[in-house]
Amino acid sequence: KAGLKVIFQFLLDEDYINKTIREIAKAAGVSLDTVHKTIKGLKELQFLVPLNNYTLQFNNKRALYDRWINEYDTRLKPGLHIGNFRFIDEKQFLNWKKMGFKSIETKWGGEPAGELLTGFLKPEKLTIYTNETRLELIKNYRMIPDPKGYIEIYDRFWNLDEQSKDTVPALLVYTDLINTGNRRNIETAQKVYGKYLQDKF
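As the structure is a computational prediction, the values presented were derived from the model and not from experiment.

Section: helix 8 (residues 183–197)
Part 1: Here helix 8 spans 20 Å end to end across 15 residues, near enough to the 21 Å set by a 1.5 Å rise per residue.
Part 2: Taken together, the buried positions of helix 8 are occupied by Asn185, Thr188, Ala189, Val192, Tyr193 and Leu197. All buried residues of helix 8 project into a common sector of 150 degrees when viewed along the axis, lining one side. Away from its buried face, by an angle of more than 90 degrees, helix 8 presents the exposed residues Arg183, Gln190 and Lys195.
Part 3: Check the buried side of helix 8 and you find it contacts helix 4 (61–80), helix 5 (110–118) and helix 7 (170–180).
Part 4: Put simply, Asn182 is the residue that caps the front of helix 8, since its side-chain oxygen is 2.9 Å from the backbone nitrogen of Arg184.

Here is the structure:
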């Protein structure tokens, strides 16, 4: 699970594959040992190959991302789940774009992020990634826990600042949308890929 965080950091910013173990660990929020083992594993699988004695480079980066997408959904994401919620005032669902997060550590993921990045999707579920506590979420956004609620909230598992102040990185938006298996979400994911990710791979 922790190794998936390291790989996400590498996919977010390719420069990190040649930073120090300590720098990588800090950015990914994992132990030094996790970074060491992850890099070793990526070398063995030939996703990281030496350019010279001091420099690594990606090999078949898209294949690594495809594997990460599957592993994230089954291994990492379930453990990040804080809970499901709904708004106290149901009308707030229609005005989710005007919510305004109180913390820079809170971002839209999934369907709302897909809509914000493409303008192509009307969300049925609201996905949020955050470092705010349950009590802060309830207080700041007037929502209450509901096991069947349409707001799915997950722990934010990366530290790097992104290009967007409102959404999680496009890598994660694409991942969340693709993994739903929903046709409209997959179409939106493809638009996200074409606009934000194509040049990375």
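Focus on the nonpolar core
Part 1: Among the nonpolar cores identified, the biggest contains 61 residues, and Phe10, Trp68, Met143, Ile151, Phe157 and Leu172 are the most heavily contacted of them.
Part 2: Discounting chain neighbours no more than four positions away, the residues touching Ile151 are Gly83, Asn84, Phe85, Arg86, Phe87, Leu126, Ile128 and Met143.

Structural notes on the packing of helix 1 (residues 2–12) against helix 4
Part 1: At a minimum axis distance of 10 Å, the contact between helix 1 and helix 4 shows a crossing angle of 140 degrees. It follows that helix 1 is oblique to helix 4 by the angle criterion. As for how helix 1 packs across helix 4, the hand of that crossing is left-handed. Touching Leu4, Lys5, Ile7, Phe8 and Leu11 of helix 1 are Lys61, Leu64, Tyr65, Trp68, Glu71, Tyr72, Arg75 and Leu76, all from helix 4.

Some details on the sheet that holds strand 6 (residues 143–145)
Part 1: Spatially, 4-5-7-3-6 is the arrangement adopted by the 5 strands of the open sheet, whose pairing is mixed. Each having just a single partner strand, strand 4 (107–109) and strand 6 make up the two edges of the open sheet. Averaged over neighbouring strand pairs, the angle between their axes works out to 35 degrees when direction is ignored.
Part 2: Two strands pair when backbone bridges link them, and strand 4 and strand 5 (residues 126–130) are joined in this way by 3 bridges, in the antiparallel orientation. Bridge pairing in strand 5 places Gly109 opposite Thr127.
Part 3: In this fold helix 5 packs onto strand 4 and strand 5, with an angle of close to 100 degrees to the strand it touches most, strand 4.

Conventions we followed
Residues numbered from 1 in each chain as written. Predicted model: local features only at pLDDT ≥ 70, side-chain atom pairs only at ≥ 80, totals over all residues. Heavy atoms only, no water. Helix = DSSP H or I, 4+ residues; strand = E, 2+ residues; numbered from the N terminus. Expected span 1.5 Å × (residues − 1). Buried < 20%, exposed > 50% of the residue type's maximum accessible area, 1.4 Å probe, protein only. Arc of directions from axis to C-beta. Contact = heavy atoms within 4.5 Å. Polar contact = N/O pair within 3.5 Å; in protein donor to acceptor, adjacent residues only side chain to side chain. Core = buried A, V, L, I, M, F, W, Y, C linked by side-chain atoms within 4.5 Å. Axes fitted to C-alpha atoms, helices over the stretch in contact; angles between N-to-C directions. Parallel < 35°, antiparallel > 145°, perpendicular 65-115°, else oblique. Left-handed = near helix turned anticlockwise from the far one by under 90°. Pairing = 2+ DSSP bridges.

As far as function goes, none of this settles anything; it's purely spatial.
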